[in-house]
Amino acid sequence: MSTLTMVFAGMFYLATLLLVVGLAFKIYDYSRTPAPLVIPTTPAPTTQAGVVYRMAKEVVVFESLFKANKWIWVFGWLFHFGMLLVLVRHLRYFINPIPEWLVFIQPFGKYASFMMVIGLAGLLARRFLVDRVRYISTPSDFLMLVLILGIGITGMLTTFVAHTDIVALKTFFMGLIYLDVQPVPQEPIILAHLVMVALLMAIFPISKLLHAPGLFFSPTRNQVDNPRERRHIAAWAARLDQK
Ligand code: HEM
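First, a word on what this report is: a plain description of the structure on this page. The residue numbers shown here count from 1 along each chain, following its written sequence. Side-chain atom pairs in this predicted model are given and counted only at pLDDT of 80 or more, local residue features only at pLDDT of at least 70, and totals for whole chains, interfaces and linings cover all residues.

## With respect to helix α5 (residues 100-129)
- With 30 residues, α5 ought to run about 44 Å at 1.5 Å a step, and its terminal C-alpha atoms sit 44 Å apart, in line with that.
- The largest bend in α5 comes to about 40°, at Gln106, with the proline Pro107 one to four residues further on.
- A residue is called partly exposed when the number of other C-beta atoms within 10 Å of its own lies between 12 and 20, exposed at 12 or fewer, and buried at 20 or more, with C-beta atoms placed from the backbone. Helical segments are the DSSP runs of H or I of at least four residues, strand segments are the runs of E of at least two, and each set is numbered from the N terminus. All buried positions along α5 are accounted for by Gly109, Ala112, Ser113, Met116, Val117, Gly119, Leu120 and Leu123.
- On its buried face, α5 is in contact with α4 (70-90) and α7 (139-160). For a helix, the expected span equals 1.5 Å multiplied by the number of residues minus one. Bend is computed residue by residue as the angle between axes fitted to the seven residues ending at the residue and the seven residues starting at it. Here the contact rule is simple: place C-beta atoms from the backbone, and any two residues whose C-beta atoms are within 7 Å are in contact.

Right under this line is the structure:
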């Protein structure tokens, strides 16, 4: 087995470990964070079903971002929805046999990469061009955008310009899953794609990208607006009451 293959296999095992353990820890931590007050942003739903509908609108159409800023909404939504299609298309590298619906969405995923990259370019341009935003932008804001843009561009180069051996690539990843390491393809562009993906996986649990699971723990979005019907008692206060 070549050194390159061993390095890439080790890199992906480590990145997966950091991603899974880091994310599990963060989600556990979020779930234990007290929400002592009822603070849903009004107008807010007054039933649990209403909260589910509100969260669904946040996740699918980014409702509050739409109300806040149309430019960020356009680019943000293009990027996220494009990336979703791209990632679903990527499932073909990790499962066998490939179901019919996954074959069907392949072309959509392929061209969704344009949506993804245009969205990211818009979000990055905003950080340079809008004075107020440039002033509050930190290096990590730029790092995440540049990293995901790098993944998108190297992916598109592989798809549209310098192809790689997809069968060999799938054999490598299926080998990782079944603990039977196989040679990694050697083309520099796909290797750059994979290095950046592993880096993204490793830093995801300590990055701003945690807004993805974090959204579901946001009291201003996930609480029912019923303080007149039900008295809200924080978990720690309820324990004191029982004493
Ligand atoms: C271990 C994980 C990944 C593997 C093995 C992988 C592999 C690949 C391969 C082989 C291609 C070329 C497809 C072709 O030639 O038809 C590609 C394209 C692409 N990848 Fe990835 N990739 C991974 C993760 C990601 C992630 C996390 C993103 C986005 C954040 C991404 C974004 C893209 C894009 C935008 C394209 C071009 C459009 C397409 O063909 O789907 N990739 N990737």
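## Focus: the environment of Thr158
- Relative to the helices and strands, Thr158 is located in helix α7.
- Thr158 gets classed as partly exposed once you count the C-beta atoms within 10 Å, which come to 19.
- If we skip the residues at most four places from it in the chain, Thr158 touches His163, Thr164, Ile189, Ile190 and His193.

## So, the site of the ligand
- To decide nearness, the C-beta atom of each residue is placed from the backbone, and the residue is near a molecule or strand if that atom lies within 6 Å of it. Around the ligand there are 24 residues in total, and Ser113, Gly152, Gly155, Thr158 and Thr159 lie nearest to it.
- Considering every element that reaches the shell around the ligand, the biggest residue donor is α7, with seven residues.
- Among the residues making up the shell around the ligand, the classes are represented as twelve nonpolar, ten polar and two charged. The residue classification treats Ala, Val, Leu, Ile, Met, Phe, Trp, Tyr, Cys and Pro as nonpolar and Asp, Glu, Lys and Arg as charged. All others, Gly included, are polar.

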